[in-house]
Amino acid sequence: MPAKLSTNRYGKSRVRLMRVTKHDAHHDVDEWTVQILLTGDFDTAHTEGDNSKILATDTMKNTVYFVAHQSTATSMEAYALDLIDYILPRNPQVASAEVVIESTLWKRLTIDGAPFPTGFMRGSDERQTTRISKNKSGETSITSGLDRLTIMKTAQSAFTGYIKESLTTLPETTDRLFATALKAEWPYTAAAIAAGIDFNKVRAHLRDVMISTFAKHDSLSVQQTLYAMGEAALAHTDIIGEIYMLMPNKHNLLVDLARFGQTNANHIFVPTDEPHGTIEATITRA
């Protein structure tokens with residue numbers, strides 16, 4: 001039976017780079033992992049083995065480095081747009097390009113009570129993320145986000161009233177240790193993209209809003225807290241219309257020491273990797 005190529009795209013993944021931008025009084029550090037995906041007229045590479053319209057992945061890798069060296073962008077999003085704007089005009093066979101970037105966080109060392117201008121340390125396992133796509137006509141979509149933001153609260157968290165049956169062993173609690181690792185992504189509206197965005201400022205603001213909501217929320221479930229965090233994010237900016245969030249429920253099991261006569265002392269928990277209950281939702285503006 002004859003076959004037909006329906007869709008195809010290709011690219012380069014996991015290009016890692018460390019960019020140091022040197023100012024007179026201090027240095028800035030960016031550590032990025034970059035992925036490029038191209039869509040266009042590549043059919044004959046599949047059907048005939050004709051590579052005349054194919055960019056080698058080696059070329060794409062070096063393009064990532066070259067554009068990072070030339071770019072004055074201070075955000076992942078602005079750099080991704082610079083990268084796409086370098087690729088598209090030079091390749092008529094490419095109809096659209098998508099760039100996905102994950103940023104590893106570094107923070108300045110504190111020496112004698114002040115930030116040291118050229119010394120850094122890894123902040124945490126948290127990642128900042130972005131996904132940018134743009135086609136030849138200039139239509140652009142931009143999604144920013146964060147991932148692996150590990151947070152925990154030791155009060156204002158309960159879990160009661162759930163379904164109980166013969167296989168249920170989890171006890172109800174009104175005083176639990178609530179730990180999770182937040183992933184959040186938000187696409188910007190077309191109007192906001194056209195007007196221009198300080199991506200770093202928006203990400204930092206939404207991150208603060210969600211963390212503050214998490215800490216202060218009287219949680220009856222992970223779902224309720226996730227929704228409250230997304231609702232707060234939408235309430236604090238009008239340049240996004242929705243936010244996707246994922247929060248695994250990291251169980252921390254209370255050790256019952258009352259049977260040994262231990263009361264009114266520290267609460268001892270055993271953190272466990274499993275099981276994790278995964279909660280995800282997309283909250284949209286009403």
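Because the structure is predicted, anything quoted here is derived from the model rather than measured.

Asker: Before we go on, may I ask you to explain the overall build of the chain in this structure?
Answerer: Regarding its fold elements, the chain presents six helices and eight strands. Tracing the chain from N to C terminus, the helices and strands come up as β-β-α-α-α-β-β-β-β-α-α-α-β-β. When each of the 286 residues of the chain is scored for burial, the buried share is 36%. Put simply, of all contacts in the chain between residues at least 6 apart along the chain, 64% involve residues at least 24 apart. Summed over its atoms, the accessible surface of the chain is roughly 16600 Å², and 52% of this surface lies on carbon and sulfur atoms. Taking the average location of the 29 positive side-chain charges in the chain and that of its 33 negative ones, the two points are 3 Å from each other.

Asker: For this particular structure, what's the right way to read the side chain of Ser103?
Answerer: With respect to the helices, strands and loops of the structure, Ser103 is situated in strand S3 (residues 94-111). Using a relative accessible area of 6% as the deciding quantity, one classes Ser103 as buried. Ignoring any residue separated from it by four or fewer positions in sequence, one finds Ser103 in contact with Glu31, Trp32, Met76, Glu126, Arg127 and Gln128.

Asker: Sorry if this is basic, but what is going on with the pairing of strand S2 (residues 27-40) here?
Answerer: Moving residue by residue along a regular strand, the side chains alternate between the two faces of the sheet. For strand S1 (residues 9-22) and S2, the ladder comprises 12 bridges, and the chain directions are antiparallel. Bridging across to S2, Thr21 finds its partner in Asp28. What sits between S1 and S2 in their antiparallel hairpin is a turn of four residues. Summarising the sheet, S2 and S3 pair through 10 bridges and their orientation is antiparallel. Considered in S3, the bridge of Ile36 is made with Val99.

Asker: Explanation requested: unusual backbone geometry in the structure shown.
Answerer: Working note: non-glycine residues mostly have negative phi, and peptide bonds are mostly trans. Positive phi outside glycine occurs at Arg14, with the angle close to 55°. As for its position among the elements, Arg14 is in strand S1.

Procedures and definitions
Per-chain numbering applies: the sequence of each chain, read as written, is numbered from 1 onward. Local features are withheld for residues below a pLDDT of 70 in this predicted model, meaning they are given only at 70 or higher, and side-chain atom pairs are given and counted only at 80 or more; totals for whole chains, interfaces and linings count all residues. Side-chain metrics in this entry use all non-hydrogen atoms of the structure; hydrogen atoms and water are not considered. Put simply, DSSP H or I for four residues or longer makes a helix, DSSP E for two residues or longer makes a strand, and each gets a number counted from the N terminus. Three exposure classes are used, based on accessible area relative to the maximum for each residue type with a 1.4 Å probe and protein chains only: buried under 20%, partly exposed in between, and exposed over 50%. Residue contacts follow a heavy-atom distance rule, with two residues in contact if any of their heavy atoms lie within 4.5 Å. Residue-level accessible areas treat just the shown protein chains as cover; the underlying method is Shrake-Rupley with a 1.4 Å probe. Asp and Glu are treated as the negative residues and Lys and Arg as the positive ones, with His and the ends of the chain left uncounted. Just so you know, the charge point we use is NZ for Lys, CZ for Arg, CG for Asp and CD for Glu. Paired strands, as defined in this entry, are two strands with at least two bridges between them according to DSSP.

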